[in-house]
Each structure stands twice: as structure tokens, then as C-alpha cells.
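Descriptive structure summary
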Amino acid sequence: MNRNLILSRKWRKYVSGTLFYIVVLGIALIILIPIYFLFTISLMSDQEAYDWPIRFFPSFVNEFVLQEASTPDKGYLLSVYSHSKGIYVPLCESKDLDTIVKKAKLKTNSSIPKELLKRKIDELKDIMEKNKEDIERLRSKMTPYLEKLERLNGRISRILSEVNKYNKKLKLAERAGMKDAVQAILQKLKSLNEELGELKEEAKKVSEKITLLNQDLIPITSVKFTISKNIFENYITFFKVTNDSIPALIRSIQVALLTIAISLSIGGLAGYAFARYYFRGKNLLKLSVLFVRMFPGVSIAMPMVIILAKMGFYDKPLGLSLVYSVGQIGMTTWITASIFMGIPVELEEAAQIFGCSKWGAFFHVTLPLALPGLAASAMYAFIGSWSETAQAIILTQFNPTFPVVVYQTLVGAKGLVNLVAAGGVTMALPAIIFTLIIRRYILQMWGGVTV
Amino acid sequence: MAELELVNLSKRYGKKVWGARGINLKVTDREFIVFLGPSGCGKTTTLRMIAGLEEVTEGRIFLDGKDITYLPPRFRDVSMVFQNYAVWPHMTVYDNIAFPLRMKKMPKNEIDRIVKEVSKLVNIYEYLGRYPRQLSGGQRQRVALARAIAVKPKIFLMDEPLSNLDAKLRVRMRTELKAIHHKTEATTIFVTHDQSEAMSMADRIVIMREGRIEQIGTPEEVYYNSDNVFVAGFIGTPPTNFMEVEVKTENGRMVLLHPHFKLELDDENAEPLKHYNKDKLILGVRPESMVILKNKDKAVFSERILVVEPQGSHQIIAIEMEGKIVKIVAPAFPRYKENELIHVSFDMKRLMFFDAETEKRLNPFKDLMEIQKV
Ligand SMILES: Nc1ncnc2c1ncn2[C@@H]1O[C@H](COP(=O)(O)OP(=O)(O)OP(=O)(O)O)[C@@H](O)[C@H]1O
Ligand SMILES: [Mg+2]
């Protein structure tokens, strides 16, 4: 009895421990996987990004295969190895080497030097010259198989369409309740299916034969070569496509910093007032500060266009940051109010007794103590204004912010996911850098313990 | 030289709540004054008004004859030790002590000298480089003390600085504080609601209740010469026993009548009651002024013991009279048992009479020194 109890308790401990780790792992995965895929896709070439299943790591090199095209007048066929499919997928067929190079670069992010391509073509010709007889032999052996396969495939598709037809008839007959007809149709279908099975079996055998022959044929009719992939190609393309994006980036940083300055100074003071002073309607006011956040940002931006235009702030970073601050101030007020409430008044009063004015006490004591919290709310304001698109689209015209540029690229790129991913990562980067800088203040410690 | 004078000092919170009301007090130079009273009696309020942290509703504050009632705290030349120390957590111990001096724009080497001197005085020299979080409560308290001493204020204000410490440390700090006071000779106002703290440290005790001062006096004065029922009941552990008695004159002698006893007064005790014309008064007898006798002959009354509380050096005996618990302090031996019948008499020289209505003392002792001799 007692032993059982101990055992069950032990088991429960194990189970709860395991569950805990599963939950933690799950949360980590939920957070990390999307970010990880965004990042890897931003490093992938077009060809890789659309492969399924998507690989876990982006490749650093591309393996190419050069062959003669199916008909001599089409020139050469360039294929690239697909890791997920395990085969070489054709990229392009052309006589013009420039076209091949261009297409390869677009699809695989590898720039093949033209010289190399020429050399490889010579190599290919060489090999094919040397093994002329073998190629002839193998090809002539293969031709009947190919023809047979074609015939078989033709028959299979015919039978399939017939099966379809009978299936429809069967349904009609069943609905009409004609038992004899149903019986006859079922009979027919059965024999058709048998025939289909046989044909498929045969086709499989034939294609096996062809594969076998190909294994001998391919090495003497193609050349392989490997070229490194420019892993940051997407980013370069992104900045080229959005040639306005560097000034836009700078503008975005300006807007974010201005938003921090405005919302932190106004919201911070309001927060301080809420924390330290008692006045009529304080709670109501505190709630209503959040009220503005309940409206969608766009609805605030619309009327703002007119006001900002009249004030001369339209299409300027300051105008945009003013509008962002409207939403941010409420949040900052709440955050800073709770921070200031956490700092005992006595610390300020002590400063007042020991030689500070009220403002001096605030600057010497309260502000340094509130710094971690202020830094956190600065970060909040930064991220809020950094990634905002909807209002920025409305409130800018010729001087868009970075997210607007990314958004426009996204719309224009028509599903170039890897390019969009590169834009996304670029957008996250300054926010990450800012967070790293400000981290020092958020994790501020005095004597090893956070305040 | 620092003399503080509070004139009719009052503080009202909102429309109705009086934090302090009509405080009149003169603190002489180098004096150690203790504000004592139950929770919520206005000690902190008064102290904060002196410091300038609380706006004064009525009255004046004079420091060395100068009116400082409306002066901001930093110009008042006072320093304060807060109940929760209020040492700045983002500064090292050194900076905590040096900050007020820097605010005074003192030269650097002068500051350094003072900080070292003061930190040695309060025994925190080794911790100068640490942050407050790395210190124990007692050490933090000393940092607050050092900070307050360093500025050499005219008045030292302390708001229950020892209340967060454990009992043992509290007693030790009490002694240390007293020693520091002797060294610095700074005029000090010390707030506490612990009467043993007040008795052991104070030159004079100010006893407060509900925002008003009940009595000002030396520890002996407030103990033996309690002005009223409140003070007599507040000072001393266990508190004074109060009994409502009838005043009668029998055969030309004044007697006090209680349902359980009849007490004949001698001339000395009867003298102050000559002009008292109400027929009831409150008799106050301190537990240590009751004597347990061996036999019944001279006893005032006899009663059965309810509870015995041995205290080591003495024992406290509780009996019940008229639904009230009466406590008696007796020597450690002989040991008494519960339900035992004891015979009790009073130390006639220590009887306290209070007016039944105003609760004011009727028989102040004339000479305290004489009482102490007895
Ligand atoms: N800010 C305030 N607003 C309203 N009433 C207050 C305020 N501060 C104090 N009071 C009231 O004033 C009275 C005196 O308060 P005070 O803090 O001076 O008491 P205290 O003697 O220091 O008590 P304690 O020993 O508990 O510290 C109390 O009744 C209290 O409720
Ligand atoms: Mg208090």
C-alpha cells in the first residue's frame, strides 16, 4: 500500500516534469519556428523556396547538370539538383548562353561564369564525341521502349476515361433503380479495372528498363558542375528592387525615435502624475487614456491627413510620429504609472530632505530607478511605430517609411516569398539592434538584484 | 545650537481628518525627544511637518527663532531617518552618504573625509562599496543613520527607525543610537510606539493620542506622575489597573468604596481630595504597587488567582474584580498557583486618583525625587 503510494507519487512527478518540459518546448517551438523559417527562406533561392518539403537549412552551393536539349535546334538544357525531390529539375533550354546564365541566377542565386559554361559545353561535346557509338547503341535500344511506353500510356488514359464514363452511368442507373443495368455496368467496370492493372504493370516494367538504360546514358551525355550560391542575394535584390529603401530606413528610424521622445516625455509625466498625486476623477482619466487605443489606427489617420497637411507635417517623419504617439502615450502612461508606483515615495522625500528640489529628487532618484521600465516602454513604442504600415501608407506620399516600402514590394513581387522574407528580416533587424542596445537598461541591476 | 518650537501646529487631511491638532512643544538644544503613542496618533504627521514634507494646516514652526513653517525641506537644516530607511538602491553605500554632501557643493576630499568618519562611527566602513540590496536590514538602517549624521543637521528626525529590526538587534541599536547621540549631541526627535524604547532613550517623552499631546515629561514624570488615565494606562507593562470607586467620609475619615474592598485613606492621600466634590473617582494602581501579604489582617482585599504568568525575574498574577482583569506584579518566589486565595494590599504612597469625568489626575506627586528614594 505504502510502496504503491510512493511509486505513484514518483510517477506523477515524472509525468508532471515531462509535461512541463513538453509545454516549454512547445512554446519555444511556436515562437521560434516561424521566425526560423522566415530567416531561412530569406536565404533561399527561388527554386529552393518553392520546393516541398522546404529544407531545414538553406544550401550554400548549387549542383548543375548540362545536357543537350531534346532537339538539337533548341541548344542546351541546364538542370539543377533539387534536394527535396532528389532529382535534377530542368531550369531552361536555350542556345544563347547569356539567357542561360541569367535564368540560372534568377532561379538559383548562383552566377555561373560564362567562360565556365563555355568550357562545360566543350566538355559535353567532347564526351559525346568519344562515346558516340555507345550513345547511338543505347539510344537505338531505348527508342522501342519509349515508343512502347507512349502507346501504353495512351491506352491507359483511354481506359481511364472509359472507367469514368461507366462510373457516371452507374450512378444514373442506381438512381433509376435499374438492377440489371447496374449489374451489367459493374461487370464491365471490373473487366476494365483488370485491364488497367495489367497495363500499368507493363508500363512500370518498361519505364524501369528505360531508367536502367538512362543510368548508362546520362553520364556520357551530360556534365555536372557545382557553383557556390550567393546566400545574401535576396537582400541585395531587395535593396535593388526597392531602390528607395535606404532613405526609407533612415526615415523609419527617425519616426521611431521621435515617437519614443514624444510618447515617453508626455506619457512618462502623465504616468508620474497618476502614480504620485491624488485628484478627482483620476481613475476615470486613467481609463480614458487607453480609450484612444480602442479605435483602429487607420480611422485616426484619416482625419489626421487634413490636420497634418494644414500644419505642414504631412509626408514628414514628425507628422507620422505625432500620430503614432497618440496611440503610444496611453500605453506609456500605464506602464510608467505602474513603474513609478513601484518606487517608494520615501526615496524622493529623502532626496528632498537631503538637498534636492522636487525636480532634483525626480532626476536624481526616481528617474534612474525607473530607467529599466522606461527603457521597456521605449522599446514598446519603438516596435509599435517601427512595424506600423496602415497609417504610414495614408500619411505619406513621396517619403514612405520602410514598412511601406516592404509592403509595396510584397504586393509587386507577386509571391516571390524569398524576397519578401528578406524584406521582413531586414525590417526586424533595426528593432533587434535597438532591443540589444536598450537591453542593458532593461536588465539594470544594482548590486546583483533587480529593483 | 538648535532649538525647535512648535506653536499650535495642526494638520488636517481632507475636510475632517485631523492628523495632528494644536501641537505645542519646545525642544531645547541637544535634547533627545521621543514621540510616543498608539498607531495613528499623529506622530509621523508631526514629524513630517517639521521636516517640511507635509504642508502645515495651522500653526508655526520655529527653528532657532526663525520661522520655517513654509520653507522647503532642503533649506531647513534637518535630516531624517525613515521607517523603511529610504536608502537609495541605485547608489552604493558611499554614494548614499556622499550624495547630500555633494548637493551642498562640498569639496571632494572634504566629502571623502566625512563619509569615512561617519561610516566608522556607525560601523559600516567595510560596506562602503556595496549596494543597499547587499546589506542586511540593520546595516541598511545604519546607512540611513550615517547619511543623516553626515550633513550635521540642526535637528535629527527619526520615524520608528528600529521597528523593522528583530527584537535583539533593536535593543542593540537602541544602545548604539544613544551612544551616537552622546557623541554628536544633535537635537533629536525620535518617533516610536514602543514604550520601552521611549523610556530607555528619551530625555523627554511626548505622549500623543488622536493628534493631540497628552503629556510631555521625563520618563519618570510620565510614569509616576501620569497626567491622566490615558497616559497612566499607556505607560508601563502591564498597564495600570483602574478601579471605579465611591468617595465617602466615615467618622471624619475619607474612604474609597469598591464592591470588593473598602480603603481608608491616610492624611497624605486625603489631602488632594479635599476639594473634590464628585462622589466617584477612578483609582489607579500600578501592578507593581500591589503587595501580596501572608495573612489577611492588613490586606485590602482577598481574591482567588485567575492566571499566573511566570516571567523569570518576576511573575504576573491576574485576578478578576467586577468583570475586570487586575494584574499584580509579584517577586518570582514564592510561586503562586491558579485558584489560590491571595491577600492583597496597596502601596499607599503610589495610589493615583483621577477625576471620574475628565479623567485628569487629582493627586500629582509633589516631589518625584522623594518617590524614587522610597
Ligand atoms: N495622507 C493622508 N490622508 C488622510 N489621512 C491621513 C493621511 N496620513 C495620515 N492620515 C491620518 O492621520 C492620522 C495620523 O497619522 P500618522 O501617520 O501621523 O500616525 P502615526 O502616529 O505615525 O501612526 P503609526 O504609529 O501607525 O505610524 C491617522 O489617523 C491617519 O489615518
Ligand atoms: Mg508613523
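The rules we used
Residues numbered from 1 in each chain as written. Chains lettered and ligands numbered in written order. Predicted model: local features only at pLDDT ≥ 70, side-chain atom pairs only at ≥ 80, totals over all residues. Heavy atoms only, no water. Helix = DSSP H or I, 4+ residues; strand = E, 2+ residues; numbered from the N terminus. Rg over C-alpha atoms; globule rule 2.2 N^0.38 Å. Contact = heavy atoms within 4.5 Å. Areas by Shrake-Rupley, 256 points an atom, 1.4 Å probe, with all protein chains shown as cover. Lys, Arg positive; Asp, Glu negative; His and termini not counted. Charge placed at Lys NZ, Arg CZ, Asp CG, Glu CD. Buried < 20%, exposed > 50% of the residue type's maximum accessible area, 1.4 Å probe, protein only. Domains from an automatic or database assignment. Pairing = 2+ DSSP bridges. Axes fitted to C-alpha atoms, helices over the stretch in contact; angles between N-to-C directions. Near = heavy atom within 4 Å. Polar contact = N/O pair within 3.5 Å; in protein donor to acceptor, adjacent residues only side chain to side chain. Nonpolar A, V, L, I, M, F, W, Y, C, P; charged D, E, K, R; others polar. Parallel < 35°, antiparallel > 145°, perpendicular 65-115°, else oblique. Expected span 1.5 Å × (residues − 1). Bend = angle between axes of the 7 residues up to and from the residue. Buried area = accessible area lost by both parts, 1.4 Å probe. Salt bridge = Lys/Arg side-chain N within 4 Å of Asp/Glu carboxyl O.

Description of the overall build of chain A
- A tally of helices and strands in chain A yields 16 helices and four strands.
- Its C-alpha atoms give chain A a radius of gyration of 35 Å, clearly above 22 Å, the size a compact globule of 451 residues would have.
- With the C-alpha coordinates of chain A rotated into their principal frame, the extents come out at 105 × 75 × 60 Å.
- Taking the contacts inside chain A whose residues are at least 6 apart along the sequence as the reference set, 72% of them involve residues at least 24 apart.
- Carbon and sulfur atoms provide 65% of the accessible area of chain A, an area that totals close to 26,800 Å².
- Within chain A, one finds 54 positive and 36 negative side-chain charges whose respective centroids are separated by 11 Å.

Describing the overall build of chain B
- Helix and strand counts for chain B stand at 10 helices and 20 strands.
- Residues counted as buried form 51% of the 374 residues belonging to chain B.
- Partitioning the contacts of chain B with sequence separation of at least 6, the portion at a separation of at least 24 is 64%.
- On chain B, roughly 18,000 Å² of surface is accessible, and the fraction owed to carbon and sulfur atoms is 48%.
- Computed over 57 positive and 51 negative side-chain charges, the separation of the two mean positions in chain B equals 7 Å.

What about the domain arrangement of chain A?
- One can read the domain layout of chain A as domain 1 (2-42), domain 2 (61-228) and domain 3 (237-446).
- With centres defined by C-alpha atoms, the gap from domain 1 of chain A to domain 2 of chain A works out at 47 Å.

Thoughts on the sheet that holds strand β3 (residues 87-94) of chain A
All names here are of chain A.
- On the basis of which strands lie adjacent, the open sheet formed by four strands has the order β3-β2-β1-β4 and antiparallel pairing. The two strands at the open ends of the sheet, each matched to only one other strand, are β3 and β4 (222-228). Averaged over all pairs of adjacent strands, the angle between their axes in this sheet comes to 30°, without regard to strand direction.
- Across seven bridges, strand β1 (residues 61-68) lies against β4 in antiparallel orientation. By the bridge assignment, V65 is partnered in β4 with K224.
- Contacts from helix α4 (residues 114-130) reach β1, β2 (76-82) and β4, with the element oriented near 160° to β4.
- Where helix α6 (residues 179-221) meets the sheet, its contacts fall on β1 and β4, and the angle it forms with β4 comes to roughly 65°.

Looking at the site of ligand 1
Residue and element names in this part refer to chain B.
- Taken together, the residues surrounding ligand 1 are Y13, G19, S39, G40, C41, G42, K43, T44, T45, E160 and H193.
- Within the backbone of G40, a nitrogen or oxygen atom sits 2.8 Å from an oxygen atom of ligand 1.
- The backbone of G42 places a nitrogen or oxygen atom 3.0 Å from an oxygen atom of ligand 1.
- Relative to its free-state accessible area of 630 Å², ligand 1 is covered by the protein chains to the extent of 60%.
- Here the element with the most residues in the shell around ligand 1 is helix α1 (residues 43-51); it accounts for three residues.
- Each residue belonging to the shell around ligand 1 can be placed in one class, and the counts come to two nonpolar, seven polar and two charged.

Some details on the packing of helix α9 (residues 282-291) of chain A against helix α11 (residues 317-341) of chain A
All names here are of chain A.
- Between α9 and α11, the shortest axis-to-axis distance is 7 Å and the interhelical angle comes to 140°. On the basis of their axis angle, the class for α9 and α11 is oblique. Of α11, the residues touching α9 (which contributes K286, V289 and L290) are G330, M331, T333, W334, A337 and M341.
- Among the residues making up the contact of α9 with α11, the classes are represented as six nonpolar, two polar and one charged.

Let's talk about helix α1 (residues 2-42) of chain A
Residues and elements named next belong to chain A.
- Between the first and last C-alpha of α1 there are 59 Å, a value that for 41 residues agrees with the 60 Å anticipated at 1.5 Å per step.
- The largest bend in α1 comes to about 30°, at L32, with the proline P34 one to four residues further on.
- Within the sequence span of α1, burial applies to T40, I41 and S42.
- Looking at the buried side of α1, the elements it contacts are α7 (233-241) and α16 (417-442).

Focus: the pairing of strand β16 (residues 301-310) of chain B
Residue and element names in this part refer to chain B.
- As paired elements, β16 and strand β19 (residues 341-346) share four bridges and run antiparallel to each other. Of the residues in β19, the one forming a bridge with E303 is I342.
- Sheet analysis places β16 next to strand β17 (residues 314-321), joined by five bridges and oriented antiparallel. Pairing of V307 across the sheet is with A318, part of β17.
- Counting the residues between successive antiparallel strands, the hairpin from β16 to β17 contains three residues, one of them, G312, with a positive phi of roughly 90°.

Here we look at the interface of chain A and chain B
- In this complex, chain A contributes 19 residues to the contact, which on the side of chain B involves 25 residues.
- Counting each side, the surface lost to burial between chain A and chain B is near 2,000 Å², with a carbon and sulfur contribution of 72%.
- In this assembly, chain A and chain B are joined by one salt bridge.
- For E349 of chain A, the salt bridge goes to R48 of chain B, with nearest N and O atoms at 2.8 Å.
- The tally of links from chain A across to chain B stands at four residue pairs in polar contact (both at pLDDT 80 or more).
- Sorting the residues of the side of chain A that touches chain B by element identifies α12 (345-353) and α13 (358-386) of chain A as the ones contributing at least two each.
- The element best represented in the side of chain A that touches chain B is α12 of chain A, accounting for seven residues.
- Grouping the amino acids of the side of chain A that touches chain B by side-chain chemistry returns 12 nonpolar, five polar and two charged.

Focus: the domain arrangement of chain B
All names here are of chain B.
- Along its sequence, chain B is carved into domain 1 (4-233) and domain 2 (236-373).
- Measuring from the centre of the C-alpha atoms in domain 1 to the corresponding centre in domain 2 gives 38 Å.
- Contacts between the two partners involve 13 residues from domain 1 and, on the opposite side, 19 residues from domain 2.
- Buried area between domain 1 and domain 2, both sides added, is near 1,400 Å², and the carbon and sulfur share of it is 53%.

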